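Examining the three-dimensional arrangement
This is what each chain is made of:
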Amino acid sequence: MEIVIHDSAAELARMAADVIEEVVRNNESPVLGLATGSSPLPIYTELIRRHKEEGLSFAHCTAFTLDEYVGLPAGHPESYYEVIRNEFTRHIDIDDARVFSPDGNPDTIATAGERYDAAIKEAGGVDVQILGIGSDGHIAFNEPGSSLRSRTRIKTLTNQTREDNARFFDSIDDVPIHAVTQGLGTILEAKHLVLIATGAGKAEAVANMVEGPLASVCPGSVLQLHNRATVFVDNAAAAGLEHVEYYNTSIERKPEWQKF
Ligand code: F6R
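A few points on the structure.

Here is what the cut-offs are and how they apply
- All residue numbers here refer to positions counted from 1 along the written sequence of the relevant chain.
- A pLDDT threshold of at least 70 governs which residues receive local features in this predicted model, and a stricter bar of 80 or more applies before side-chain atom pairs are shown or counted, although totals over entire chains, interfaces and linings include all residues.
- Values shown for side chains rest on all heavy atoms present in the structure; no hydrogens or waters enter the calculation.
- Distances are taken per atom, and a residue is near a molecule or strand as soon as one of its heavy atoms is within 4 Å of it.
- By the criterion applied in these results, polar contacts are pairs of N or O atoms within 3.5 Å in which, for protein atoms, one can donate a hydrogen and the other can accept it, and in which residues neighboring in sequence qualify only through two side-chain atoms.
- Using a 1.4 Å probe, the Shrake-Rupley method yields the accessible areas, and only the shown protein chains count as cover for residues.
- In this analysis an axis means a line fitted to C-alpha atoms, helices contributing only their contacting stretch, and an angle means the value between N-to-C directions, from 0 to 180 degrees.
- A run of H or I in DSSP becomes a helix once it reaches four residues, and a run of E becomes a strand once it reaches two; helices and strands are each numbered from the N terminus.
- Convention used here: angles under 35 degrees read as roughly parallel, angles over 145 as roughly antiparallel, angles from 65 to 115 as roughly perpendicular, and any remaining angle as oblique.
- For a crossing to be left-handed, the near helix must be turned anticlockwise from the far one by less than a right angle; the clockwise case is right-handed.
- Residues count as neighbours in contact if any of their non-hydrogen atoms are within 4.5 Å of one another.
- Under the convention adopted here, Pro, Cys and the residues Ala, Val, Leu, Ile, Met, Phe, Trp and Tyr are nonpolar, Asp, Glu, Lys and Arg are charged, and Gly plus all remaining residues are polar.
- Buried, partly exposed and exposed residues are distinguished by accessible area as a fraction of the type maximum, computed with a 1.4 Å probe on protein chains only: under 20%, between the cut-offs, and over 50%, respectively.

**Side note on the site of the ligand**
Around the ligand, 16 residues are found, and the nearest of them are T36, S39, H138, A140 and K202. Within the side chain of S39, an N or O atom sits 2.4 Å from an oxygen atom of the ligand. Here an oxygen atom of the ligand sits 2.7 Å away from a polar atom, N or O, in the main chain of A140. Computed on the free molecule, the ligand has an accessible area of 410 Å², of which 93% lies beneath the protein chains in the complex.

Dropping the structure here:
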């Protein structure tokens, strides 16, 4: 795992966008894994800027979101299907039919996970997966206790996650109690994981993810099992890390030829 600490959220976003751009430019049919939530927004803003100002094209890309709430009606502005379009994909030239989200319809939920994993496989697997982390250590909606090998499936959201996400809804009662989420095993199959975390509210989760034991109580710690995981954090989110000096030295001494 590489830990990149920087005090500017814009600079972190720029570095993460470089990783995505590299994948987009160097693959015939790149598959992007997209997170929703606040953390990746600066990355999307930067990629949209590169599309508009520098001609970076996403026309040959396919994208899969990480998760979807269960039971929100089609077109609900907080469904991740809509959110990813509003925040990112509607502003670039990706084919909208190639932007996929798990099926959160309660009537067809039983097979939603299996169908989603099959669709990712069919597309050739995710080349680069953008991730955020919840204050309770969740990635996607794999809440504490999630199996480290889990596949895409329905999960019950913790009260903490529902409270954290209540800011997007009129009240906490409107936050769904279930979500369909890519499993930790599914996420681990992406070729490169790029996690971004900013703000003091993420410090404990980041410390547990990076330096805590590999344990389902902190689902983010599963990144320790991946052979290519890059974690972009600001100083506030890095505040609980013990080995900051080593992480900074490793980045400073990173060989010129070795990319993230
Ligand atoms: C959303 C997702 C979640 C968020 C996490 C952090 O697709 O996968 O795991 O990344 O809840 O959310 P923010 O970035 O809003 O703090």
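**Things to note about the packing of helix α1 (residues 9-26) against helix α2 (residues 41-54)**
The contact between α1 and α2 brings their axes to 9 Å, and the two run at 55°. Relative to α2, the element α1 is oriented oblique. Considering how the two elements wind past one another, α1 and α2 form a crossing that is right-handed. Contacts between α1 and α2 pair A13, R14, A16, A17, D18, I20, E21 and R25 from the former with P42, I43, E46, L47, R50 and E54 from the latter. The residue makeup of the contact of α1 with α2, split by class, is 7 nonpolar, no polar and 7 charged.

**Looking at the environment of G125**
Among the secondary structure elements, G125 is positioned in the loop between α4 (112-122) and β6 (128-131). You can call G125 buried: its relative accessible area is 17%. Distance in space between the C-alpha atoms of G125 and G71 is 27 Å, their sequence separation being 54 residues.

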